[in-house]
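Survey of secondary and tertiary structure
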Amino acid sequence: METETTAPVKANIKELDLRYIANTYARFPIVLTKGKGSLVWDEGGKEYIDLGSGIAVNPFGLCDEEWASVVSAQLGQLQHVSNLYYTEPSTLLAEALCEKAGMSRVFFANSGAEANECAIKTARKYSRDTYGEGRHTIVTVSGGFHGRTITTLAATAQPGFHEHFMPFTEGFEYVDAANTADLERLLSQKNVCALMFETIQGEGGVNCMPQAFLDTAAKLCAQNDVLMLIDEVQTGGGRTGTYFSYQGLGLKPDIVTSAKGLGGGLPIGAALFGEKTKDVLTPGLHGSTFGANPAVTAGALNILSRTTDEFMDDVGKKGQYIISKLESASGTLSVSGRGLMLGIETKRPVGDVLKELRERGVLALSAKSKLRLLPSLNIPWDVLSKAVDIIIEVISNETSA
Ligand SMILES: *Cc1c(COP(=O)(O)O)cnc(C)c1O
């Protein structure tokens, strides 16, 4: 493996982290110090191919020069003024996002969970404004993931997340994506104001929503004025081969949330509103101190302007390439997902696969029991094919199982 000189690491970072940082992460045993594009180096100078992009956050890889120079220039001009004033970068980003998404207005937050909180508040207020009280229930899908706040955890229909933090926000009901009859029943209930889902569940295991679910959802939402709220926090920003995944599925959501890939590596979240919901929030009803930060939004605008249709086609082609190579590998049981958001069910336990991949210089992720790949959208073909060849060898390696 090639080595590279990296900035010296001052102390035993792993020990200090374990002592001083809240014990919420089971980290991989690597201290990363430097990155460039789809390559990243650890404190010992070992080089890795990055197939996680900071959990779908870095669409143009690590330390992309164009994005970094736009952000630096904005930092030197105006880094933060609060939402008491108009600023140019967030305004231009909102315009570009609306044009890209076919939506009408944007609220900027700092994370996916906050974007979803805003979406939930908006859905409830829309319903209250239109129908009065009692129609506040939001239906979400089993296995989904919507964030770590108390309310977005309540929206997260995974029992494991509901054990320790009672009581949760009320007004959520869960549906199994395969059970269209139950979906139809729930969306016909008088107390339901919205359906919230990911078109491909990321944290839940890279599970694509079945076509019958999408068809029923589109039909019943339109029929009953139930808002369709699509969580594109992981699928958005071009990840699945269209800018938002719903654009490849012919859906017309009322609210869309975005975060992870939107900022090119800096924290940002956004809730996008369609015609029905664009004027629901009025001054004083919602806000964020850091939201729409000029440096972050200037960088996001740069990323968005480079996420062209041509670039999206390339994301689709790279996804197809990975799928075709991995589907025929002897260590593969199944491949799910679209574009550069893929899950591979492997014969070997995913923990063993990730460990051996690390040793061989490839950083990947898991989602439930699957190997999850979320490379940078601009990963060079030669780097991608090298990583895929290593994955095929590792998942098919029965001797070290
Ligand atoms: C990551 C994720 C979130 C939460 O985003 P944070 O920025 O961690 O708050 C919400 N929804 C989906 C689909 C996600 O993948």
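As a starting point, this report considers the structure included with it. Since we're looking at a predicted model, the values are computed, not measured. (Residues numbered from 1 in each chain as written. Predicted model: local features only at pLDDT ≥ 70, side-chain atom pairs only at ≥ 80, totals over all residues. Heavy atoms only, no water.)

Tallying secondary structure elements over the protein gives twelve helices and 17 strands in all. C-alpha atoms of the protein, sized along the principal axes, occupy 65 × 50 × 45 Å. Counting only residues that meet the buried cut, the protein has 53% of its 401 residues in that class. When the accessible surface of the protein is totalled, it reaches about 18100 Å², and 54% of it is carbon and sulfur. Here the protein contributes 37 positive and 46 negative side-chain charges, whose respective centroids are spaced 2 Å apart. (Helix = DSSP H or I, 4+ residues; strand = E, 2+ residues; numbered from the N terminus. Buried < 20%, exposed > 50% of the residue type's maximum accessible area, 1.4 Å probe, protein only. Areas by Shrake-Rupley, 256 points an atom, 1.4 Å probe, with all protein chains shown as cover. Lys, Arg positive; Asp, Glu negative; His and termini not counted. Charge placed at Lys NZ, Arg CZ, Asp CG, Glu CD.)

Our next topic: the sheet that holds strand β15 (residues 362–363). One open sheet holds the four strands; their spatial order is β1-β2-β3-β15, and the pairing between them is mixed. Only two strands of the sheet have a single neighbouring strand rather than two, namely β1 (32–36) and β15. Direction of pairing for strand β3 (residues 47–50) relative to β15: parallel, over a ladder of two bridges. Looking at the pairing, D50 lines up with L363 of β15. (Pairing = 2+ DSSP bridges.)

What surrounds the ligand is the set S111, G112, A113, N116, F145, H146, G147, E198, D231, V233, Q234 and K260. Contact distances for the ligand include 2.8 Å between an oxygen atom and a backbone N or O atom of G112. The biggest single contributor to the shell around the ligand is helix α5 (residues 112–131), with three residues. Tallied by class, residues from the shell around the ligand come to three nonpolar, six polar and three charged. (Near = heavy atom within 4 Å. Polar contact = N/O pair within 3.5 Å; in protein donor to acceptor, adjacent residues only side chain to side chain. Nonpolar A, V, L, I, M, F, W, Y, C, P; charged D, E, K, R; others polar.)

On to helix α11 (residues 350–359). Among the residues of α11, V350, V353, L354, E356, L357 and R358 are the ones counted as buried. Just downstream of α11, G361 is the residue with a positive phi angle, here 85°.

On to the sheet that holds strand β11 (residues 255–258). Reading across the sheet, the seven strands line up as β4-β12-β11-β10-β7-β5-β6 and stay open at both edges, with mixed pairing between neighbours. At either end of the open sheet lies a strand with only one pairing partner, and these are β4 (105–109) and β6 (172–175). With strand direction ignored, the average angle separating the axes of adjacent strands in the sheet is 20°. Examined bridge by bridge, strand β5 (residues 137–141) and β6 share four bridges and lie parallel to one another. Its bridge partner being in β6, I138 is matched across the sheet by F172. Where helix α7 (residues 180–187) meets the sheet, it contacts β5, β6 and β7 (192–197), and its direction lies at approximately 155° from that of β6. Strands β5, β6, β7 and β10 (227–231) of the sheet are contacted by helix α8 (residues 211–224), whose axis makes an angle of about 155° with β7. (Axes fitted to C-alpha atoms, helices over the stretch in contact; angles between N-to-C directions. Contact = heavy atoms within 4.5 Å.)

Right, let's talk about the layout of surface pockets for a bit. Looking at the second largest pocket, its volume works out to about 1000 Å³. As for the second largest pocket, its lining consists of 35 residues, and the residues nearest its centre are N83, R105, V106, F107 and F108. For the lining of the second largest pocket, the elements supplying multiple residues, two or more each, are α4 (88–101) and β4. Across the lining of the second largest pocket, the residue classes tally to 16 nonpolar, 15 polar and four charged. (1 Å grid on protein atoms, 1.4 Å probe; cavity = no way out; pocket = protein on both sides within 12 Å on 5 of 7 lines; lining within 4 Å. Points joined across faces, edges and corners; volume = space filled by probe spheres on them.)

Take the environment of T149 next. Turning to its location among the elements, T149 is positioned in the loop between β5 and α6 (150–155). Once residues lying within four places of it in the same chain are set aside, the contact partners of T149 are A113 and E117. Within the structure, T149 has its side chain in polar contact with the side chain of E117 (distance 2.6 Å).

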